[in-house]
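Below, each chain spelled out in residue letters.
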Amino acid sequence: MLSETEGYDLLDERGIPVPPHRLVTNAKDAAVAAESIGTPVVMKVISPQIIHKSDVGGVITHIETPKRAEAAFRDIMEKSTSRVPEAEITGIVVEKQMPPGLEVLIGGKTDPAFGKIITFGLGGKLVELLRDVSIRVLPISREDAREMIREIEGYRLIQGYRGEEPRDEEALVDILTSMSQTFLERAEMREFDLNPVILYEKGAHVVDARIIMDGAIGPERIPPRVEAPEEIFFPQSIAVIGASSNPRKVGYAVFRNLLEFPGRLYPINPNRTELFGRDAYPSITDVPEPVDCAVIAVPARYVPATMEECGKKGVKLAVIVTAGFREAGEEGKRLEEEVVKTAKRYGTRVIGPNCLGIMLPHQGINATFDPVSPKPGHIAFISQSGAIITTIVDWSLPEDLGFSAVFSVGNQADLGFEHFLRFVEEHPVTRAITLYIEEIKNGRSFMKDVREVAEKKPVIVIKSGSSQKGKQAASSHTGSLAGSHDVYMAAFRQAGVIPATDLREAFQLAELLASEGYPAGKRAIAITSAGGFGVLASDYAEKYGLTMVDLPEEVRAKLDAFLPKCWSRANPMDLLGDTGVDRFAAVFDIMIQHQDFWDVAFVIAVPTMLTNPTHLANEIVRFSRHTSKMVVGCVLGGDSMKSGLRILRSCSIPNFSELEDAFKAVGSIFAARGAHPDGGRQYPPPEEKCMWREPAEERAPIEKSAR
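To keep things clear, this report deals only with the structure shown in the data block. Counting from 1, residues in each chain are numbered in the order their sequence is written. Only residues with pLDDT of 70 or above have their local features reported here, since the model is predicted, and side-chain atom pairs are shown and tallied only from 80 upward, although totals for entire chains, interfaces and linings are computed over all residues. Hydrogens and water are ignored here; the side-chain numbers use all heavy atoms of the structure.

**What about the overall build of the chain?**
Per the secondary structure count, the chain includes 23 helices and 29 strands. Considering only C-alpha atoms, the chain reaches an extent of 100 × 80 × 35 Å along its principal axes. Burial status across the chain gives 57% buried among its 707 residues. A fraction of 72% describes how many contacts in the chain between residues 6 or more apart in sequence connect residues 24 or more apart. Exposure was quantified through the Shrake-Rupley algorithm and a 1.4 Å probe, taking into account, for residues, occlusion by the shown protein chains and nothing else. In the structure as shown, the chain presents an accessible area of about 29800 Å², 51% of it carried by carbon and sulfur atoms. Neither His nor the chain ends contribute to the count of charged residues, in which Lys and Arg are positive and Asp and Glu negative. By convention, the charge on Lys lies at NZ, on Arg at CZ, on Asp at CG and on Glu at CD. Mean positive and mean negative side-chain charge positions of the chain (81 and 97 charges, respectively) differ by 2 Å. By the criteria applied, helices consist of DSSP H or I runs no shorter than four residues and strands consist of E runs no shorter than two, each listed in order from the N terminus. Each residue gets one of three labels from its accessible area relative to the maximum for its type: buried under 20%, exposed over 50%, partly exposed in between, using a 1.4 Å probe on protein chains only. By definition, residues are in contact when any of their heavy atoms lie within 4.5 Å.

If you want it as structure tokens, here you go:
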């Protein structure tokens, strides 16, 4: 750790303002320093073992005379040595006491996944208690620094709170930008705290600097990555090595799942000549035709030799579901390295090992040992947990949720998150992407890829493991504030990824965005037949950052022409409890005609004798298809509404059974992405026909006055 004076010198070199100061080692020199600097002065103990100086009596302020400086030196030494006997005290710094102002913190740490990060927030003694901070992965621009400052709750204090003059925001941007550049350029700088930085109406000063250097840290490098050709995910032939007729074996489950594969399927088993009516072969090299993909389900000790045979056969993709590699210890690590070395020699790409496998439902591929297969859909799911995949796929079937691709990444010995992201980025049937992440190997490389993918297709992520270990081991305020989970969340938002708090929320967001695309703005309307839910809609809109926009006079006049006189005449639009499907449809028509004043429409319907749920669902589908804006279904209720929900599902229209969940989902999108500059869908709506349509003669009539 640099001494306070060394830290001040480093900051001064970069033009970051620090107080006049001197390091002293005896009481007499303290008096001389105080007289030279000019009172009042502050005196602080300098010791790498004392992090929070004021907690041990290591700080004395408002020292007005040289004589008082002598006494302060003795006082600090006595208290510090008695309370922290093991402390190595290198001296006491005497520095000019700066006038009081607003105290903020600027800090940096080296994260094991994402490298160097920067933290900003309110400073002083209460920093850990308030935890009002913003975090960014470096590098950042000057505009990024300004955004960091403005997103904390305490920004109101910087603006000028309750009649106070505004603080010098640009001076703060200068320090934050300069310190970020310094931290990034100095490879050996591991961690730092500037706390407090005192912000004035004009200017700012750093009055405490803690900087930790580590000569063992070299420049950050992003390892080169070999791109995966898209065609390896479109195999025409698949071999299952370890295919079995024994239901208790993984090879049985994998081969059984692949029986629906429309291409050529080969069971590989040296003890069988036939399996499930297919000719079996003792080795993949005995297959008379080319093999594009091999699923390997043999014990770990046999996998290196199996990979050698795959290479000789010209296999382009190997999916290794076998466990017992790096995750199992040193011997497993050696086996994994041998497998990867062989695969590289032959140009074979590897998924896994220790993975569930892959599912590509539109191609009839379920190369996993999951007991069920998912329905085709428009959501890609990439997961570090096979158990999470099996659970989600099982849950998805009664929910009528479909998938375009499912990848279990396993140990990521070769192909990893970035490769799968790049594939689904160009995958024509994928419209939204959900990730389940436990740990990222190279955060910077991941951020680059996921940022570019998220510009084309929505990416939703759920991150497990908000570890406390990193915080407990932290050596500074910044290390405590920016725990591992916090850094992941900051990195995701920085990359335009939408974080979810649980799996259900993640797939609700994915369904919504796959159907409706990013919203163009926060202007919301709510159309409902239930006044109580209209009131709740207003509450939830405010809670999650949406704006219930006023109805234009022209729109209100058109609605007055056919709605009952006692309708709400405002937004939310309460159409009253006797509303039938025809009334909803007529309102939808007007909203379609006037799309310029709203961005998101919430359609809230409850069970009534007058509302046919199937007719209503078809009208919601029509509403969504005839507008470029986001339409959110909130068809509430139980069994009586299920026929309508099935139609919405079959037409890829998301529905929220809890009203608050709908507003929370849209608010989460804005919190991560803001309003999308292009607005509306970023891809055309589904071309395929819905699975169910009403006969024309049964459709609900539309009142003529609405046309």
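**A short note on the sheet that holds strand S20 (residues 375-383)**
Read across the sheet, seven strands follow the order S19-S18-S21-S20-S22-S23-S24 without closing on themselves; strand pairing throughout is mixed. Two strands in the sheet have a free side with no partner beyond their single neighbour: strand S19 (365-368) and strand S24 (498-499). Where S20 meets strand S22 (residues 432-437), five bridges bridge the pair, whose relative direction is parallel. Bridged to Phe381 within S22 is Thr434. Each pair of strands is called paired provided DSSP finds at least two bridges between the two strands.

**Digging into a negative patch on the surface**
Residues enter patches when they are more than 30% accessible in relative terms and free of salt bridges; like-charged ones are connected within 9 Å and nonpolar ones (Val, Leu, Ile, Met, Phe, Trp, Tyr) within 5 Å. Any Lys or Arg side-chain nitrogen found within 4 Å of a carboxyl oxygen on Asp or Glu counts as a salt bridge. Among the surface-exposed residues, Glu6, Asp9, Asp12 and Glu13 lie close enough to one another that they form a single negatively charged patch. Structurally, the position occupied by Glu13 is in helix H1 (residues 4-13). By relative accessible area, Glu13 is classed as exposed at 66%.

**A short note on the packing of helix H11 (residues 386-399) against helix H17 (residues 503-516)**
For every element, the axis is a line fit to its C-alpha atoms; helices are fit only across the contacting stretch, and the angle between N-to-C directions ranges from 0 to 180 degrees. Put simply, H11 and H17 touch, their axes get as near as 12 Å, and they point 60 degrees apart. Here H17 runs oblique to H11, going by the angle between their axes. H17 is crossed by H11, and the crossing has right-handed handedness. Contacts from Ile388, Ile392 and Trp395 of H11 reach H17 at Leu503, Arg504 and Phe507. Roughly parallel here means an angle under 35 degrees, roughly antiparallel means over 145, roughly perpendicular means 65 to 115, and every remaining angle is called oblique. By definition, turning the near helix anticlockwise from the far helix through less than a right angle yields a left-handed crossing, and turning it clockwise yields a right-handed one.

**A word on the environment of Asp596**
Inspection of the secondary structure puts Asp596 in the loop between helix H20 (581-593) and strand S28 (600-605). Using a relative accessible area of 59% as the deciding quantity, one classes Asp596 as exposed. Sequence separation of Asp596 and Ala87 is 509 residues, and the distance between their C-alpha atoms is 67 Å. For Asp596, the contacting residues outside a window of four places in its chain are Arg523 and Lys629.

**Examining helix H19 (residues 553-560)**
Looking only at H19, the buried set comprises Val555, Arg556 and Leu559. Down the axis of H19, the buried set is contained in an arc of 100 degrees. They therefore lie on one face. Of the exposed residues in H19, the ones pointing more than 90 degrees away from its buried face are Glu553 and Glu554. To obtain the arc, one takes the directions from the helix axis to the C-beta atoms.

**Examining the pairing of strand S7 (residues 133-137)**
The element S7 is extensively covered by neighbouring structure, given that four of its five residues are classed as buried. Across five bridges, strand S6 (residues 115-122) lies against S7 in antiparallel orientation. The partner of Phe120 across the bridge, within S7, is Ser134.

**Remarks on the packing of aromatic side chains**
Any two of the Phe, Tyr and Trp rings considered here, Trp counted by its six-membered ring, make a pair once their centres fall within 6.5 Å; the pair's planes then place it as stacked at under 30 degrees, edge-to-face at over 60, or tilted in between. Tallied over the full model, the rule gives 23 aromatic pairs. Between Tyr488 and Phe492, the ring centres sit 5.9 Å apart and the planes meet at 55 degrees, which makes this aromatic pair tilted. Here Tyr488 pairs with Phe492, and both are found in helix H16 (residues 484-494), just four residues apart, close to one helical turn. Like Phe492, Tyr488 is buried.

**Observations regarding the side chain of Asp111**
Looking at the element boundaries, Asp111 is found in strand S5 (residues 102-111). For the buried residue Asp111, which engages in no salt bridge, the nearest side chain bearing the opposite charge is Lys109, 4.3 Å off. Here a polar contact means two N or O atoms within 3.5 Å. Within protein one must be a hydrogen donor candidate and the other an acceptor candidate, and residues neighboring in sequence count only if both atoms are side-chain atoms. Polar contacts involving the side chain of Asp111 include one to the main-chain amide nitrogen of Phe114, which spans 3.0 Å. Among residues more than four places away in sequence, those in contact with Asp111 are Ile117, Ser484 and Val487.

**Notes on unusual backbone geometry**
Of note, the bond from Thr39 into Pro40 is cis; its omega dihedral lies within 30 degrees of zero at 0 degrees. Along the polypeptide, Pro40 turns up in the loop between helix H2 (27-37) and strand S2 (41-46). Cis peptide bonds are those with omega within 30 degrees of zero, and the linkage from Gly352 to Pro353 qualifies with -5 degrees. The residue Pro353 is located in the loop between strand S17 (349-351) and strand S18 (357-360) in this model. Of note, Ser652 is a non-glycine position whose phi angle comes to about 60 degrees, a positive value. As for its position among the elements, Ser652 is in the loop between helix H22 (642-650) and helix H23 (659-673). Classification of Ser652 as partly exposed rests on a relative accessible area of 25%.

**Topic: the nonpolar core**
To form a nonpolar core, buried Ala, Val, Leu, Ile, Met, Phe, Trp, Tyr and Cys residues must be joined to one another through side-chain atoms within 4.5 Å. Membership of the largest hydrophobic core comes to 58 residues, with the highest contact counts inside it found for Leu258, Ile382, Phe407 and Leu435. Ranked by residue count, the leading element in this core is H16, at six residues. Ignoring anything within four residues of it in the chain, the contact list for Ile382 reads Phe407, Val409, Phe417, Phe420, Leu421, Val424, Ile433, Thr434, Leu435 and Tyr436. Grouped together as the second largest cluster of nonpolar side chains are 50 residues, Ile389, Ile498, Phe656 and Ala665 included.

**Considerations on the pattern of salt bridges**
With the rule as written, the count across this model stands at 42 salt bridges. Among the salt bridges present, the one from Arg673 reaches Glu455, with a minimum N-O distance of 3.4 Å. Of the two residues, Arg673 is situated in helix H23 and Glu455 in the loop between helix H13 (443-454) and strand S23 (459-463); the sequence distance between them amounts to 218 residues. Classification of Glu455 as partly exposed rests on a relative accessible area of 48%. The salt bridge partner of Asp560 is Arg569, with a shortest N-O separation of 2.7 Å. By relative accessible area, which is 31% here, Asp560 ends up partly exposed.

**Topic: the side chain of Thr430**
Counting through the fold element by element, Thr430 comes out in the loop between helix H12 (417-426) and S22. Residue class for Thr430 comes out buried when judged on its relative accessible area of 2%. At 2.7 Å, the side chain of Thr430 forms a polar contact with the side chain of Ser404. A polar contact of 2.9 Å, which involves the side chain of Thr430, links it to the side chain of His427. Filtering out sequence-adjacent residues up to four positions away, Thr430 remains in contact with His378, Ala380, Ser404, Val424 and Lys457.

**What about the packing of H2 against helix H3 (residues 66-83)?**
In the contact formed by H2 and H3, the axes pass within 7 Å of each other and the chain directions differ by 140 degrees. The angle between the axes of H2 and H3 places the two elements in the oblique class. In this structure, the crossing between H2 and H3 has a hand that is right-handed. Facing H2, whose interface residues are Ala27, Ala30, Ala31, Ala34 and Glu35, H3 presents Pro66, Ala69, Glu70, Phe73 and Arg74. Under the grouping applied here, Gly and all other residues not named as nonpolar or charged are polar, the nonpolar ones being Ala, Val, Leu, Ile, Met, Phe, Trp, Tyr, Cys and Pro and the charged ones Asp, Glu, Lys and Arg. Residue classes in the contact of H2 with H3 are distributed as seven nonpolar, no polar and three charged.

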